[in-house]
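# A structural walkthrough
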Amino acid sequence: MPYAAIDFYLTEYGSDKIPSSLFDKYILKASYKVKELTLGKSDLFKDSNEVKNATCAIADIMYQEEDSNEELVIETASRYLLATGLMYRGI
């Protein structure tokens, strides 16, 4: 279910903050967070670069701050997903 693989994280997203031995743990946690923030709509667009980038950015935050700031996570997700409409919660 992870929205991004390590090769995307290293090459396309361009980060190496998370050690490869811990990558699966944090990318899965971040994927669930993106799914929560988008009310599950991200599953329909899991192959999009916006969803993958948001997931990688959130994984970096979660790795760096075990008790990650919820506002920072939401702000980061919004940076990548707001224009896609995936975070829209209205009618």
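First things first, this report covers the structure right here in the doc. Just so it is clear, the structure is predicted and the values come from calculations on it, not from any experiment. (Residues numbered from 1 in each chain as written. Predicted model: local features only at pLDDT ≥ 70, side-chain atom pairs only at ≥ 80, totals over all residues. Heavy atoms only, no water.)

## As for the nonpolar core
Rule in force here: What we call a nonpolar core is a set of buried Ala, Val, Leu, Ile, Met, Phe, Trp, Tyr and Cys residues that are connected through their side-chain atoms within 4.5 Å. Partly exposed describes any residue whose relative accessible area lies between the buried limit of under 20% and the exposed limit of over 50%, with all areas from a 1.4 Å probe on protein chains only and scaled to the type maximum. The numbering of helices and of strands both runs from the N terminus, where a helix is a DSSP run of H or I of at least 4 residues and a strand a run of E of at least 2.
If you look at the biggest cluster of nonpolar residues, it comprises 23 residues, and the most contacted ones within it are I58 and L81. Breaking this core down by element, the ones donating at least two residues are α1 (6–12), α2 (20–37), α3 (49–64) and α4 (70–81). Counting residues per element, this core draws most heavily on α3, which supplies seven residues.

## A short note on the packing of aromatic side chains
To be explicit about the condition: Stacked, tilted and edge-to-face are the three classes applied to pairs of Phe, Tyr and Trp rings, where Trp contributes its six-membered ring and a pair requires centres within 6.5 Å; stacked means planes under 30 degrees apart, edge-to-face means over 60, and tilted covers the rest.
In the structure shown here, the tally under the stated rule is three aromatic pairs. Relative to Y13, the ring of Y9 lies with its centre 6.0 Å away and its plane at 20 degrees, an arrangement referred to as stacked. A residue is classified by how much of its surface remains accessible, and Y13, at 21% relative accessible area, is partly exposed. Taking the centre distance of 5.1 Å and the plane angle of 45 degrees together, the rings of Y9 and F23 count as tilted. Here Y9 is found in helix α1, whereas its partner F23 is found in helix α2, with 14 residues between them in sequence. Within the aromatic cluster, the residues linked to one another by ring pairs are Y9, Y13 and F23.

## Re α3
Condition: Helix span is expected to be 1.5 Å times the residue number reduced by one. Residue contacts follow a heavy-atom distance rule, with two residues in contact if any of their heavy atoms lie within 4.5 Å.
In this model α3 runs 22 Å from its N-terminal to its C-terminal C-alpha over 16 residues, within 8% of the 22 Å that 1.5 Å per residue would give. Counting buried residues along α3, 12 of its 16 residues qualify, which places the element largely inside the surrounding structure. Residues V51, K52, N53, A54, T55, C56, A57, I58, A59, D60, I61 and M62 constitute the buried set of α3. Close packing links the buried residues of α3 with α1, α2 and α4.

Read these as spatial facts, not as claims about activity.
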